[in-house]
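# Structural description and commentary
One-letter residues, chain by chain:
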Amino acid sequence: MDINAVIDDAERKQFTNSLVREWLDEVRDVLYDAEDLLEQIDYEFSKTQLKPEFQSSASKVRSFESEMLEILDDLESLLDQKLVQDFQISSGVGSGLANNVSGKRNESSSLVAQEVIYGRDDDKEIILNWLTSDNENHNQLSIFSIVGMGEMGKTTLAQHVYNDPMIEAKFAIKAWVCISDEFGVFKLTREILETIHKSTDDSRNLEMVQGRLKESLTGRKFLLVLDDVWNEDRDQ
């Protein structure tokens, strides 16, 4: 919460102050470590769910605790840096690193908001190679997920991939739809259709809008980006 209160100002100042940019990189590194740790804990927990007889060792639990304390110490250290004292505190929490905590999130678009992405060239190349590869069965729907904590650059990475010339040449149809807080299958399907045709659609029910979407996509190679997805219902 403390870092989130100053993150907006830090992100603005990073372009004119290399020290601020380095500070932000360190914050992201620590959050990556936190994310990795949470994934490890989740994996251990899932094993206990699948096999009730499985028990995590005491040493592994202590290791998790140690890593957690180390991450918290790193965050404290980043907050204690003199640089942070010059940051302006945001008027409200909800727009920075933890913008999923409260408040309505801003809608994204496919337009590249940040011309340069730091430390993500390899990630971009991996995604581009996967999207443009002919090894997959293109009669099947292929899904590539970019997951991570808030403000780790997922949307920016997707924007750079979406607008790459390799993608322009590979796909007949491209569509970018921002999901954010509200997830409704009918509304979402209609937004995808409207984005493809760049016009409003008057479909009144799911049967109608899905039929129109099928007509638009059948037999054509398409790229669909669903940004800012928070819904965890696998059926939806």
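What counts and what doesn't
Residues numbered from 1 in each chain as written. Predicted model: local features only at pLDDT ≥ 70, side-chain atom pairs only at ≥ 80, totals over all residues. Heavy atoms only, no water. Helix = DSSP H or I, 4+ residues; strand = E, 2+ residues; numbered from the N terminus. Buried < 20%, exposed > 50% of the residue type's maximum accessible area, 1.4 Å probe, protein only. Contact = heavy atoms within 4.5 Å. Areas by Shrake-Rupley, 256 points an atom, 1.4 Å probe, with all protein chains shown as cover. Pairing = 2+ DSSP bridges. Patch = residues over 30% accessible without salt bridge, like charges linked within 9 Å, V, L, I, M, F, W, Y side chains within 5 Å. Salt bridge = Lys/Arg side-chain N within 4 Å of Asp/Glu carboxyl O. Core = buried A, V, L, I, M, F, W, Y, C linked by side-chain atoms within 4.5 Å. Axes fitted to C-alpha atoms, helices over the stretch in contact; angles between N-to-C directions. Left-handed = near helix turned anticlockwise from the far one by under 90°. Expected span 1.5 Å × (residues − 1). pLDDT = per-residue confidence, 0-100. Phe/Tyr/Trp six-rings, centres within 6.5 Å; stacked < 30°, edge-to-face > 60°.

What follows deals with the overall build of the protein chain. Looking only at helices and strands, one finds eight helices and two strands in the protein chain. Along the protein chain, helices (α) and strands (β) appear in the sequence α-α-α-α-α-α-β-α-α-β when read from the amino end. Residues classed as buried in the protein chain amount to 33% of the 236 residues present. Nonlocal contacts in the protein chain, meaning residues at least 24 apart in sequence, comprise 66% of its contacts between residues at least 6 apart. Of the roughly 15600 Å² of accessible surface on the protein chain, 50% is carried by carbon and sulfur atoms.

With the exception of glycine, most residues fall at negative phi, and the peptide bonds are largely trans. Backbone geometry at lysine 198 places phi at a positive 55°, although glycine is not the residue there. Summarising the element assignment, lysine 198 is placed in the loop between α7 (185–197) and α8 (206–217). Here aspartate 228, not a glycine, exhibits a phi torsion of approximately 60°, which is positive.

Residues in a regular strand point their side chains to alternate faces of the sheet. Of all eight residues in strand β1 (residues 173–180), eight are buried; the element is thus mostly enclosed. With burial as the criterion, each face of β1 is covered, one bearing Ile173, Ala175, Val177 and Ile179 and the other bearing Lys174, Trp176, Cys178 and Ser180. Where β1 lies against strand β2 (residues 222–229), seven bridges are found, and the strand directions are parallel. What sits directly across from valine 177, in β2, is leucine 226.

Another aspect to go through is a nonpolar patch on the surface. Together, Met68, Leu69 and Leu72 make up an exposed nonpolar region whose accessible area comes to about 290 Å². Along the polypeptide, leucine 69 turns up in helix α3 (residues 58–80).

Right, let's talk about the pattern of salt bridges for a bit. Within this structure, the stated rule accounts for eight salt bridges. Where aspartate 164 meets lysine 124, a salt bridge forms, and the shortest distance between an N and an O atom there is 3.4 Å. Of this pair, aspartate 164 sits in the loop between α5 (154–162) and α6 (165–170) while lysine 124 sits in helix α4 (residues 121–132), and the two are 40 residues apart along the sequence. With respect to burial, aspartate 164 and lysine 124 carry one shared label: buried. Among the salt bridges present, the one from arginine 212 reaches aspartate 201, with a minimum N-O distance of 2.8 Å. Within this pair, whereas arginine 212 is found in helix α8, its partner aspartate 201 is found in the loop between α7 and α8, the two being separated by eleven residues in sequence. Residue arginine 212 is classed as partly exposed on the basis of its relative accessible area, which comes to 30%. Bridged by salt links that share partners, the residues Asp201, Asp202 and Arg212 form one connected network.

Before going further, it helps to spend a moment on the nonpolar core. Trp23 and Phe87 are the most contacted members of the largest nonpolar core, which totals 20 residues. Elements supplying a minimum of two residues to this core: α1 (2–13), α2 (18–50) and α3. At eight residues, α2 tops the list of elements feeding residues into this core. For tryptophan 23, the contacting residues outside a window of four places in its chain are Ile3, Val6, Ile7, Ala10, Leu78, Gln81, Leu83, Val84 and Phe87. Counting residues in hydrophobic clusters, the runner-up holds twelve residues, among them Ile127, Leu157, Leu223 and Val225.

Let us look at the packing of α7 against α8. Running from N to C, α7 and α8 point in directions that differ by 35°, and their axes come no closer than 9 Å. The two elements α7 and α8 meet at a crossing, and its hand is left-handed. Judged by residue contacts, Val185, Phe186, Thr189, Arg190, Ile192, Leu193, Ile196 and His197 of α7 engage Leu206, Val209, Gln210, Arg212, Leu213, Ser216 and Leu217 from α8.

Next up on the list: α4. Its twelve residues place the ends of α4 16 Å apart at the C-alpha level, agreeing with the 16 Å of an ideal helix rising 1.5 Å per residue. Lining the buried residues of α4 we find α5, α6 and β2.

With that settled, consider the confidence of the model for the protein chain. Per-residue confidence for the protein chain gives a mean pLDDT of 79, with 82% of residues at or over 70. Across residues 92–104, where pLDDT falls below 50, the model places 25 contacts with residues more than four positions away in sequence or in other chains.

Our focus in this paragraph is the packing of aromatic side chains. Tallied over the entire structure, the rule returns three aromatic pairs. Ring geometry for tyrosine 162 and tryptophan 176: centres 5.5 Å apart, planes at 85°, overall edge-to-face. With tyrosine 162 in helix α5 and tryptophan 176 in strand β1, the pair connects residues that are 14 residues apart, well separated along the chain. Owing to a relative accessible area of 7%, tyrosine 162 belongs among the buried residues under this scheme.

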